[in-house]
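# Fold and geometry: a report
The primary structure of each chain is shown beneath.
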Amino acid sequence: MMRILGTPELVGARGPQGRSPRRCQELALYILCHPGRSSAAVADALCLSASTVKSTASHLRSWIGSDEAGTPYFPQAVQGGYRLDDRVSTDWDHLGELLAGQPINAADTPTLVNALALVEGRPLEGAAPGDFAWTQQLVNDIVMTVTDLALELADRALAIRDIALARWALAKALTCDPGAEQLMAARAKIEHQAGNMLEVDRIITQINQTSRQLGCDLADDTMAVIDQVSNR
């Protein structure tokens, strides 16, 4: 599995890690997201030479290895281009499988918990500048989905006064998108319900400071939350 919901990591590989592991990880992710692309197309997308792509593919093939029957998880490219075995996936794919195509607000609470538990930080956190440059839309999609998961779970938790679960949900999302206004406003609601007014004041101050630094107005929903939690 290629983990991307945090620091990129290839887990469960059967062979020894070789040269350029981060480049191998990027190639693995690109192939998983774009199966069937030729080496030339991959080279163009990753801004690499064709020879570098072929060399990296060789290292990745050795690193991923084969199953017990000797079937390689990354077979040699044929006319269909580069493909990884169907048993190789990402944690983002697993999150989608948990939701099974249903709207987030239709998923049961254990599913939301299991999905959020996969999040370990900002997508592809710690990647060097220039690495994974093609993933911006993917990262945005992940951040939006994780935010929606956390807000839905936090609302459900607050409805049953489960402060610990609500805090956990927001903490997971904030590792993915630190300081996000919508998430910080939700944190203020949680601490207000918990009666922790010192923390509420601190969060409101942080929200306002971030807004001024960015030179933008607060969203109407955020203003409504601030009015609500400031009414002691």
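Everything below is about the structure shown above.
A brief structural summary. Note that the coordinates shown come from a computational prediction; the quantities given were computed from them, not determined experimentally.

Another point: unusual backbone geometry. Glycine aside, negative phi is the norm for most residues, and most peptide bonds take the trans geometry. Residues other than glycine seldom take positive phi values, yet Cys 47 does so here, at roughly 55 degrees. The residue Cys 47 is located in the loop between helix 2 (39-46) and helix 3 (50-64) in this model. Although it is not a glycine, Leu 124 sits at a positive phi angle of roughly 60 degrees. Residue classification places Leu 124 among the buried positions, given a relative accessible area of 8%.

There is about 230 Å³ of room inside the largest pocket. Taken together, Leu 151, Ala 154, Asp 155, Leu 158, Gln 182, Ala 185, Ala 186, Lys 189, Ile 190, Asp 221, Thr 222 and Val 225 form the lining of the largest pocket. For the lining of the largest pocket, the secondary-structure elements that each account for two or more residues are helix 6 (136-159), helix 8 (181-193) and helix 10 (220-230). Ranked by residues supplied to the lining of the largest pocket, first place goes to helix 8 with five residues. For the lining of the largest pocket, a count of residues per class yields seven nonpolar, two polar and three charged.

Moving on to the packing of helix 1 (residues 21-33) against helix 3. With their axes 9 Å apart at the nearest point, helix 1 and helix 3 run at an angle of 90 degrees to one another. The angle between helix 1 and helix 3 places the two elements in the roughly perpendicular class. Here Pro 21, Arg 23, Cys 24, Gln 25, Leu 27 and Ala 28 of helix 1 come into contact with helix 3, specifically with Thr 52, Val 53, Thr 56, Ala 57, His 59, Leu 60 and Trp 63. Among the residues making up the contact of helix 1 with helix 3, the classes are represented as eight nonpolar, four polar and one charged.

Moving on, we come to the nonpolar core. One finds Leu 60, Phe 74 and Leu 149 to be the most contacted residues of the largest nonpolar core, which totals 68 residues. The residues touching Phe 74, leaving out its near neighbours within four places in the chain, are Ile 31, Ala 57, Leu 60, Arg 61, Ile 64, Gly 65, Tyr 82, Arg 83 and Leu 84.

Moving on, we get to the environment of Gln 25. Looking at the element boundaries, Gln 25 is found in helix 1. Given a relative accessible area of 7%, Gln 25 falls into the buried group. Between the C-alpha atom of Gln 25 and that of Phe 132, which follows or precedes it by 107 residues, the distance is 9.4 Å. Not counting residues up to four positions away in its chain, the partners in contact with Gln 25 are Met 2, Pro 8, Glu 9, Leu 10, Trp 63 and Phe 132.

Take the pattern of salt bridges next. Taken as a whole and assessed by the stated rule, the structure comprises ten salt bridges. In this structure, Glu 9 engages Arg 3 in a salt bridge whose closest nitrogen and oxygen atoms are separated by 3.6 Å. The salt bridge involving Arg 167 is made with Glu 191; its shortest N-O contact spans 2.8 Å. Here Arg 167, found in helix 7 (residues 163-176), pairs with Glu 191, found in helix 8; they are 24 residues apart in sequence, far enough to count as distant. Via salt bridges that share partners, Asp 67, Asp 85 and Arg 87 belong to a single interconnected network.

On to the packing of aromatic side chains. Throughout the structure, instances matching the rule amount to two aromatic pairs. Judged by centre distance (4.9 Å) and plane angle (85 degrees), the ring pair of Tyr 30 and Trp 134 falls under edge-to-face. Of the two residues, Tyr 30 sits in helix 1 while Trp 134 sits in the loop between helix 5 (109-117) and helix 6, which places them 104 residues apart along the sequence. You can call Tyr 30 buried: its relative accessible area is 3%. Overall, the relative accessible area of 21% leaves Trp 134 in the partly exposed class.

Cut-offs used in this document
Residues numbered from 1 in each chain as written. Predicted model: local features only at pLDDT ≥ 70, side-chain atom pairs only at ≥ 80, totals over all residues. Heavy atoms only, no water. Helix = DSSP H or I, 4+ residues; strand = E, 2+ residues; numbered from the N terminus. Buried < 20%, exposed > 50% of the residue type's maximum accessible area, 1.4 Å probe, protein only. 1 Å grid on protein atoms, 1.4 Å probe; cavity = no way out; pocket = protein on both sides within 12 Å on 5 of 7 lines; lining within 4 Å. Points joined across faces, edges and corners; volume = space filled by probe spheres on them. Nonpolar A, V, L, I, M, F, W, Y, C, P; charged D, E, K, R; others polar. Axes fitted to C-alpha atoms, helices over the stretch in contact; angles between N-to-C directions. Parallel < 35°, antiparallel > 145°, perpendicular 65-115°, else oblique. Contact = heavy atoms within 4.5 Å. Core = buried A, V, L, I, M, F, W, Y, C linked by side-chain atoms within 4.5 Å. Salt bridge = Lys/Arg side-chain N within 4 Å of Asp/Glu carboxyl O. Phe/Tyr/Trp six-rings, centres within 6.5 Å; stacked < 30°, edge-to-face > 60°.

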